[in-house]
Amino acid sequence: MKITVIGTGYVGLVSGICYAELGHDVYCVDKDAAKINTLQSGGIPIYEPGLQRLSLKNMDAGRLRFTTALAEAMPEADIVIMAVGTPSLPSGEADMSYIEAAASEVGAAMNGYKVICVKSTVPVGTNERVGRIVRERYDGPFDTASLPEFLREGTAVRDTLHPDRIVIGTDGSRAARILSDLHRPLTNQIVLTDIRSAEMIKYASNAFLATKISFINEIANICEKVGADVIEVAKGMGLDNRIGGSFLRAGIGYGGSCFPKDTKALIQIAGNVEYDFKLLKSVVEVNKQQRFGVLDKLGKALGDVRGTTVGVWGLAFKPETDDVREAPALEIIEQLIESDATVKVYDPIAMANFKRTFDHPRIVWCDSALDTAQDSDALCLLTEWKEFAAIDLGAVRAALARPILIDGRNVYDVQRVREAGLHYYPVGRPGHEAYIPELILD
Ligand SMILES: NC(=O)C1=CN([C@@H]2O[C@H](COP(=O)(O)OP(=O)(O)OC[C@H]3O[C@@H](n4cnc5c(N)ncnc54)[C@H](O)[C@@H]3O)[C@@H](O)[C@H]2O)C=CC1
Ligand SMILES: O=C(O)[C@H]1O[C@H](OP(=O)(O)OP(=O)(O)OC[C@H]2O[C@@H](n3ccc(=O)[nH]c3=O)[C@H](O)[C@@H]2O)[C@H](O)[C@@H](O)[C@@H]1O
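Just so we're clear, the structure is a prediction, and the values are computed from it rather than from any experiment.

## Side note on the overall build of the protein chain
Moving on, step 1. Regarding its fold elements, the protein chain presents 19 helices and 14 strands.
Moving on, step 2. A compact globule built from 442 residues would reach a C-alpha radius of gyration of about 22 Å, and the protein chain, at 24 Å, matches this within 12%.
Moving on, step 3. With the principal axes as the frame, the protein chain shows a C-alpha extent of 70 × 50 × 35 Å.
Moving on, step 4. Within the protein chain, the proportion of its 442 residues that are buried is 44%.
Moving on, step 5. Nonlocal contacts in the protein chain, meaning residues at least 24 apart in sequence, comprise 70% of its contacts between residues at least 6 apart.

This is the structure:
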């Protein structure tokens, strides 16, 4: 099939490249000329393992092209996939302006039947709006379809080529058939449904995953007070098939371009139909607070953070990505600076992105994990990169001015850290002896 993908952010780029890998002819379009130049010359504007190799392979095979001109990419397309951004407005609602502009451009470029899919995460009713916008400019046949995306950054290629399920929302059998044929090589788990339910499945899925994370984080906070170990608790819970073990890693809360945005948007969607989504509001509130647990522990360990030097390992919102959107590290570092600390930072991949987002004279940009630890009064691990998990803790202890390790992602074995002579402050686990449970059970 011939596919045109609009938007070469994470989603557009990964899906475009993966559709080409399945043997389809793909044209990826973006308004950002710099991104398109990079892509045309074989580069990739994001850090995503495995993506560049697939892009080059499919460009060489003549199945994958990049352009800034929608008019060039549209005429032959059977399927048009919109994957433009839907960022948060100050109200929390999703900003629909990119979708509306893209729909209008698609309408102007239509020249025959096509299935117009919305892959971006959009409020219920958006596909109908897209249909109306296209119809204003084109009076021939077409279908719209909701085709939500469930990939995760860092494992995007694998998630796309081996999805748990594909959700297709249509209001007609022709579009349903075309999109089922397109995705059948990927999985047998194809959920064919109506458009509004498909749009809701995406928000409900992200909101549920965010709920699991905030739930386990609250359990971790209680574990700290009663002397239980949240890793054991999550393991014991997760073995129940009804609960499932994934997304029960306690830590400093979720970040990224999607959970924070989509939870807020769903609260607004509910509010617009006069439904108060109390549970999800609490999930968001718990998440906002969770990151500050690192600062509480620093306060306990150091006495006062003023005038100290704090090392920070990890700036990306999760490992295997250079994305720092809504990364907990941003607020933690801002707070440390406000408290007059000097902050030494290091991330294997996300340093440049972070520096573009936030910089300050009291941030020291380090070249390595050990350089960050050198002479710091405490070290905080905020992203669980493999490099940090594998580091020689004895060398870390020798580099630090004071032996304090705050582990925001529960990376280390408690015994191993203690043997290295470090005072260990993980999340929801018995760590350093001085950090005793507040409640001792008889
Ligand atoms: N980032 C992720 O991991 C996931 C994102 N999503 C959803 O997918 C959507 C896209 O997300 P990202 O890829 O992260 O977005 P992004 O913001 O990184 O990229 C969007 C791209 O669209 C381009 N664009 C905007 N309007 C355009 C137009 N009219 N014509 C051509 N190009 C245009 C922009 O220049 C930009 O390159 C969002 O709704 C997001 O919620 C869904 C699943 C995963
Ligand atoms: O809609 C989206 O954009 C995507 O959002 C998430 O994907 P992503 O944000 O890339 O990354 P996740 O692996 O889900 O992690 C999100 C955040 O939750 C945190 N997290 C995750 C899992 C966990 O157990 N604990 C935890 O704190 C991570 O550290 C990270 O900050 C979803 O997992 C994808 O299915 C979805 O497509």
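## A short note on the site of ligand 2
Moving on, step 1. Ligand 2 sits among 20 residues. The nearest are Glu 153, Arg 249, Tyr 254, Gly 256 and Cys 258.
Moving on, step 2. The element that contributes the greatest number of residues to the shell around ligand 2 is helix H9 (residues 195-226), accounting for three residues.
Moving on, step 3. Across the shell around ligand 2, the residue classes break down as 10 nonpolar, five polar and five charged.
Moving on, step 4. Counting residues domain by domain, the shell around ligand 2 receives three or more from each of domain 1 (2-193) and domain 2 (202-288).

## Some words on the site of ligand 1
Moving on, step 1. Near ligand 1 you find 27 residues, and of these Gly 7, Gly 9, Gly 85, Ser 120 and Thr 121 are the closest.
Moving on, step 2. Listing elements by their share of the shell around ligand 1, those giving two or more residues are helix H1 (10-21) and helix H5 (97-109).
Moving on, step 3. Residues that form the shell around ligand 1 fall into these classes: 11 nonpolar, nine polar and seven charged.

## Concerning the UniProt feature "binding site: NAD(+)" (unreviewed entry) in the protein chain
Moving on, step 1. Taking the UniProt record as the reference, the feature "binding site: NAD(+)" (unreviewed entry) is found at Asp 30, Lys 35, Thr 86, Thr 121, Glu 153, Lys 261 and Arg 325. Considering the C-alpha atoms alone, the annotated residues occupy 296 residues of sequence and remain spread out, their largest mutual distance being 23.8 Å.
Moving on, step 2. Excluding anything up to four places from it in sequence, Thr 86 contacts Ala 94, Asp 95, Met 96, Tyr 98, Ile 99, Ser 120, Thr 121 and Val 122.
Moving on, step 3. The topology assignment puts Glu 153 in the loop between strand S6 (143-146) and helix H7 (156-161).
Moving on, step 4. Excluding its chain neighbours within four sequence positions, the residues that come into contact with Glu 153 are Tyr 10, Glu 48, Gly 256, Lys 318, Thr 321 and Asp 323.

## Focus: the domain arrangement of the protein chain
Moving on, step 1. For the protein chain, the assigned domains are domain 1 (2-193), domain 2 (202-288) and domain 3 (291-425).
Moving on, step 2. Each of domain 2 and domain 3 was reduced to a C-alpha centroid, and the two centroids are 24 Å apart.
Moving on, step 3. Facing the nine residues of domain 2 at the interface are 14 residues of domain 3.
Moving on, step 4. Residues that form the side of domain 2 that touches domain 3 fall into these classes: four nonpolar, five polar and no charged.

## With respect to unusual backbone geometry
Moving on, step 1. At Glu 320, a position not held by glycine, the phi torsion is positive, near 65°.
Moving on, step 2. Of note, Glu 320 is situated in the loop between strand S9 (309-313) and helix H14 (328-338).

## Some points on the sheet that holds strand S13 (residues 404-407)
Moving on, step 1. What the six strands build is an open sheet, ordered S11-S10-S9-S12-S13-S14; its pairing is parallel. The open sheet terminates on both sides in strands that have one partner only, identified here as strand S11 (363-365) and strand S14 (423-425). Neighbour to neighbour, the strand axes of the sheet diverge by 20° on average, direction disregarded.
Moving on, step 2. Bridging between S9 and strand S12 (residues 378-381) involves four bridges; their strand directions are parallel. Opposite Val 310, over in S12, you have Ala 378 as the bridge partner.

## With respect to the nonpolar core
Moving on, step 1. Residues Ile 6, Ile 79, Val 80, Ile 81, Met 82 and Cys 117 are the most contacted members of the largest nonpolar core, which totals 77 residues.
Moving on, step 2. Dropping the residues within four chain positions of it, Met 82 is found in contact with Ile 6, Gly 7, Ile 99, Ala 102, Cys 117, Val 118, Lys 119 and Ser 120.
Moving on, step 3. Formed by 43 residues, the second largest nonpolar core is a distinct cluster that contains Trp 313, Ala 369, Phe 388 and Tyr 425.

## Concerning the pairing of S9
Moving on, step 1. Counting buried positions along S9 gives five out of five residues, so the element sits mostly inside the fold.
Moving on, step 2. Burial along S9 is two-sided: the face carrying Thr 309, Gly 311 and Trp 313 and the face carrying Val 310 and Val 312 are both buried.
Moving on, step 3. Where S9 and strand S10 (residues 342-346) come together, five bridges link them in parallel fashion. Within S10, the residue paired with Val 312 across the bridge is Val 345.
Moving on, step 4. You can see the chain leave S9, run along H14 and come back into S10, and the turn it takes is right-handed.

## Topic: the sheet that holds strand S3 (residues 64-67)
Backbone hydrogen bonds hold the strands of a sheet together, and the pairing may be parallel or antiparallel.
Moving on, step 1. With mixed pairing, the eight strands of this open sheet are ordered in space as S3-S2-S1-S4-S5-S6-S7-S8. Edge positions in the sheet fall to S3 and strand S8 (190-193), since each has one partner strand and no second. Strand-to-strand twist of the sheet, defined as the mean angle between neighbouring strand axes without regard to direction, takes the value 20°.
Moving on, step 2. Pairing between S6 and strand S7 (residues 166-170): two bridges, direction antiparallel. Bridge pairing in S7 links Ser 146 to Gly 169.
Moving on, step 3. Where H9 meets the sheet, its contacts fall on S6, S7 and S8, and the angle it forms with S7 comes to roughly 145°.

## Let's talk about H5
Moving on, step 1. For H5, with 13 residues, the first-to-last C-alpha span of 19 Å sits near the 18 Å given by 1.5 Å per residue.
Moving on, step 2. Residues of H5 that are buried: Ile 99, Ala 102, Ala 103, Val 106 and Ala 109. Here the buried residues of H5 occupy an arc of 130° about the axis, which is enough to place them on one side.
Moving on, step 3. On the buried face of H5, the contacting elements are strand S1 (2-6), helix H4 (70-73), strand S4 (79-82), strand S5 (115-118) and helix H6 (126-137).

Rules used throughout
- Residues numbered from 1 in each chain as written.
- Chains lettered and ligands numbered in written order.
- Predicted model: local features only at pLDDT ≥ 70, side-chain atom pairs only at ≥ 80, totals over all residues.
- Helix = DSSP H or I, 4+ residues; strand = E, 2+ residues; numbered from the N terminus.
- Rg over C-alpha atoms; globule rule 2.2 N^0.38 Å.
- Buried ≥ 20, exposed ≤ 12 C-beta atoms within 10 Å, placed from the backbone.
- Contact = placed C-beta atoms within 7 Å.
- Near = placed C-beta within 6 Å.
- Nonpolar A, V, L, I, M, F, W, Y, C, P; charged D, E, K, R; others polar.
- Domains from an automatic or database assignment.
- UniProt positions renumbered as here; feature names shortened; annotations may be inferred.
- Pairing = 2+ DSSP bridges.
- Axes fitted to C-alpha atoms, helices over the stretch in contact; angles between N-to-C directions.
- Core = buried A, V, L, I, M, F, W, Y, C linked by C-beta atoms within 7 Å.
- Right-handed = clockwise from strand over helix to strand, strands pointing away.
- Expected span 1.5 Å × (residues − 1).
- Arc of directions from axis to C-beta.

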